[in-house]
Amino acid sequence: MTTAVKLSRNGYHKKNHKVIKEIVITILVLAFFLIFLSPVIIAFSGSFRNANDTSSYLNVFRYFTLDSYSAAWGKMNYFRSLRNSVLVTFLSVIILLIISSLAGYAIARLHGKLSNFFQVFFLAGMIVSAQMSIIPMYRIVNKLHMSNTFAAPIAMYVTAAIPFSIFLYTNFIKSGVPYALEEAARIDGASMLRVFFQIVMPLTKPALVSIVITQGVPIWNDFFFSMLFLSAPEQKTLPLTMLNFIGDMENATQWNILFAACFLSAIPIILVYSFLQKYFVSGLVTGAVKG
Amino acid sequence: MESRTRKVLILFIIPALAFYLIFWVQPVLMSFFYGLTDWNGLGTCSFIGLKNFQTLIKQGTLFSSLKNTIIYAIFVVAWGNIQALILAMILNMKLHARGFFRTIVYLPPLFSTIVAAFLWSYVYAPHYGMISEVFKLMGKTGAPDLLGTSSTALLAVAFVETWRSSGMMTIIYLAGLQNIPSDVLEASQIDGCTAWQTTRLVKIPMISNTITINVMLGLINGFKSFDYVFALTGGGPGDSSSTLMYSIYKMAFVENQFGKSEAMAACAFVFILLISICALSILKRKEIEL
């Protein structure tokens, strides 16, 4: 009887010990994240500061005014830039999804030398970076009369994302989508396109999500292709409007507005992330494992 | 497979192939050609053979940007992976508010590269930046101007890259760690492994394919580094933080030397191709050994 009590008391102590350890670790992790995210935190507090406050930015959250936001809002022409960004990203991702899944599926089902050739041929595109051939790209876009239209950056975003997307999709089909289903539907008289859109595509939802996350987020955030191909102010996307602030980096008094602009440009995707976090994580992981 | 099906499948590849050939393959081939000319964007261009390559070697631009790119990539791979692996192991432990930490670790990758660059240009800013302010707070003077000093600029830029991309790598590592079967971990505990032994001898070998993925990801990002150099230092001071991609861009758009710029691009292409093949084969062999 006494030993039993002793034992349980011992167990209680151990458990207590464990809880304390857990709390200590949690506090350490919290401290780490505070340092890790300190630029974000300081910038966030800075974006709410009074413009005439010249004290250190390390004095966080002493003021709350939206002046900087309204200044940044105007300078970015926010709604117009947001609309442009949404339009470019949405169209790029939709086109990318359709053409890369069609090609990826075909490569997975073709077998043989041709299939191997295409797989390597498309994958090799991953080592190319846009900066390597900007001049030729520029000339081609001009020749196709696409310069200064959204078609130019969209075409480049789709193309730049093709190598990885096809690779991912092919691997996904090869490793998990049974051919028997398609065969059965074909015997029932469905066309290849119908088989693809009605049977294959729904089965490959994780791969499609992964393409949207791993390729869509960089497209949303990119400024390079828009910088090259869009010059009219009314065509500017959100990341491109951020370049307007580059001069302010030299000028200490303008940091408030710059910080506000940073958050204005990040808010849409942070909102999307907060609602669809599950998809972000699974998309990244599928992309990494199959890619 | 019947030949009609094959034909339809080949049709399926055509749209992607068209984009890829027109906007990716054609520019690369054209840039190889421009690399052999003295074109400057205006007027005619004449074929000058390998002279651009000779100039690049003689002026030292090729060597210095190659060196910078290698240093940048090594730092991004090494520090990026260490940081992400440690973060993933922490987030895999029992913690209060674990879900919250797992959510905010992915905050930096959501910012665009240009926003990340702005945030960090504040951190690095001399006199009134975050590092200077922290120095002042501790009563010290002489905070280093990391971006303005040629010996530190490159690594300061690379650090921003690891800061922003670590969240993505962490999530991939976390998935790898969660995929380790729990009976393996239990067995190692019963066999009397310390926490460090479990990590070194069980966990790390079992996530070796995840390590391969993240190392390749870091390498590719490292070799293509452009955005942060563009926004933070413009390659400076001097050429001390100019990477391959930034040098190519600068030669073309700032100096209008298209021929030379594309010659550099051809070198970069060959270099990245070789490195990727080597890295992949080494990592694949390691994976099997482990």
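About the criteria used
- Residues numbered from 1 in each chain as written.
- Chains lettered and ligands numbered in written order.
- Predicted model: local features only at pLDDT ≥ 70, side-chain atom pairs only at ≥ 80, totals over all residues.
- Helix = DSSP H or I, 4+ residues; strand = E, 2+ residues; numbered from the N terminus.
- Rg over C-alpha atoms; globule rule 2.2 N^0.38 Å.
- Buried ≥ 20, exposed ≤ 12 C-beta atoms within 10 Å, placed from the backbone.
- Contact = placed C-beta atoms within 7 Å.
- Nonpolar A, V, L, I, M, F, W, Y, C, P; charged D, E, K, R; others polar.
- Domains from an automatic or database assignment.
- Axes fitted to C-alpha atoms, helices over the stretch in contact; angles between N-to-C directions.
- Parallel < 35°, antiparallel > 145°, perpendicular 65-115°, else oblique.
- Left-handed = near helix turned anticlockwise from the far one by under 90°.
- Core = buried A, V, L, I, M, F, W, Y, C linked by C-beta atoms within 7 Å.
- pLDDT = per-residue confidence, 0-100.

Take the overall build of chain A next. Check the secondary structure of chain A and you find 13 helices and zero strands. For chain A, the succession of helices and strands along the chain, N to C, is α-α-α-α-α-α-α-α-α-α-α-α-α. Computed over C-alpha atoms, the radius of gyration of chain A comes to 26 Å, more than 25% over the 19 Å expected from 2.2 N^0.38 for 291 residues, which places it beyond the range of a compact globule. With the principal axes as the frame, chain A shows a C-alpha extent of 75 × 70 × 30 Å. Counting every position in chain A, which comprises 291 residues, the buried fraction comes to 43%. Counting only contacts in chain A whose residues sit at least 6 apart along the sequence, the fraction spanning at least 24 positions is 76%.

Within chain B, the secondary structure is distributed over 13 helices and zero strands. Going from the N terminus to the C terminus, chain B shows its helices and strands as α-α-α-α-α-α-α-α-α-α-α-α-α. Along the first, second and third principal axes, the C-alpha atoms of chain B reach 75 × 75 × 30 Å. Counting over 290 residues, chain B shows a buried share of 44%. Of the contacts formed within chain B by residues at least 6 apart in sequence, a portion of 70% connects residues at least 24 apart.

The next point concerns the interface of chain B and chain A. On the side of chain A, 66 residues touch chain B, which itself brings 67 residues to the contact. The set of elements that each furnish at least two residues to the side of chain B that touches chain A consists of α1 (3-34), α4 (98-104), α5 (113-124), α6 (130-137), α7 (153-178), α10 (208-223), α12 (244-253) and α13 (258-289) of chain B. Partitioned by chemical class, the residues of the side of chain B that touches chain A number 53 nonpolar, nine polar and five charged.

Take the domain arrangement of chain A next. Residues and elements named next belong to chain A. Annotation of chain A at the domain level lists domain 1 (2-67) and domain 2 (75-290). In this structure, domain 1 and domain 2 have C-alpha centres spaced 37 Å apart. On the side of domain 2, six residues touch domain 1, which itself brings six residues to the contact.

What follows is about the packing of helix α3 (residues 61-91) of chain B against α7 of chain B. Residues and elements named next belong to chain B. Packing of α3 against α7 leaves a shortest axis separation of 6 Å and a crossing angle of 40°. As far as their axial angle goes, α7 and α3 are oblique. The way α3 lies across α7 gives a crossing that is right-handed. Looking at the contact of α3 with α7, its residues break down into 18 nonpolar, eight polar and one charged.

Residues and elements named next belong to chain A. Its place among the elements puts I219 in helix α10 (residues 205-221). Along the chain, I219 and S92 lie 127 residues apart, while their C-alpha atoms are 8.1 Å from each other. Leave out the neighbours within four places in its chain, and I219 touches T89, S92, V93 and Y157.

Next up on the list: the nonpolar core. Soluble globular proteins tend to pack their nonpolar side chains together in the buried interior. A261 and C262 of chain A together with L119 and I248 of chain B are the most contacted members of the largest nonpolar core, which has 161 residues in total. Each of two domains, domain 1 (2-67) and domain 2 (75-290) of chain A, supplies a minimum of three residues to this core. Excluding its chain neighbours within four sequence positions, the residues that come into contact with C262 of chain A are A43 of chain A together with V115, F118 and L119 of chain B.

Its place among the elements puts A175 of chain B in helix α7. With 96 residues separating them in the primary sequence, A175 of chain B and W79 of chain B have C-alpha atoms 20 Å apart.

All names here are of chain A. For chain A, the mean per-residue pLDDT works out to 85, and 92% of the residues sit at or above 70. Least confident of the elements in chain A is helix α1 (residues 2-36), whose mean pLDDT is 73; most confident is helix α4 (residues 78-110), at 94. Note on residues 1-5: pLDDT is under 50 here. Beyond four places in sequence and across chains, it has zero contacts.

On to the packing of α4 of chain A against helix α7 (residues 151-176) of chain A. Residue and element names in this part refer to chain A. Across the interface, α4 lies against α7 with an axial gap of 7 Å and an inter-helix angle of 40°. Of the two elements, α4 crosses α7, and the hand of that crossing is right-handed. Contacts between α4 and α7 involve V88, L91, S92, I95, L96, S100, S101, A103, G104, Y105, I107 and A108 from the first element and P153, I154, Y157, V158, A161, I162, S165, I166, Y169, T170, I173 and K174 from the second. The residue makeup of the contact of α4 with α7, split by class, is 17 nonpolar, six polar and one charged.

A few words now on the environment of L96 of chain A. Residue and element names in this part refer to chain A. Tracing the backbone shows L96 in helix α4. C-alpha separation for the pair L96 and R109, spaced 13 residues apart in sequence, amounts to 20 Å. Look past the residues within four positions of L96 in its chain and what remains in contact with it is V158, A161, S165, I211 and Q215.

Moving on to unusual backbone geometry. Even without being glycine, N77 of chain A reaches a positive phi, approximately 50°. When you line up the elements, N77 of chain A lands in the loop between α3 (67-76) and α4. The exposure class of N77 of chain A is partly exposed, given the 16 C-beta atoms found within 10 Å. One non-glycine residue with positive phi stands out, namely N256 of chain B, at about 55°. Along the chain, N256 of chain B turns up in the loop between α12 and α13.

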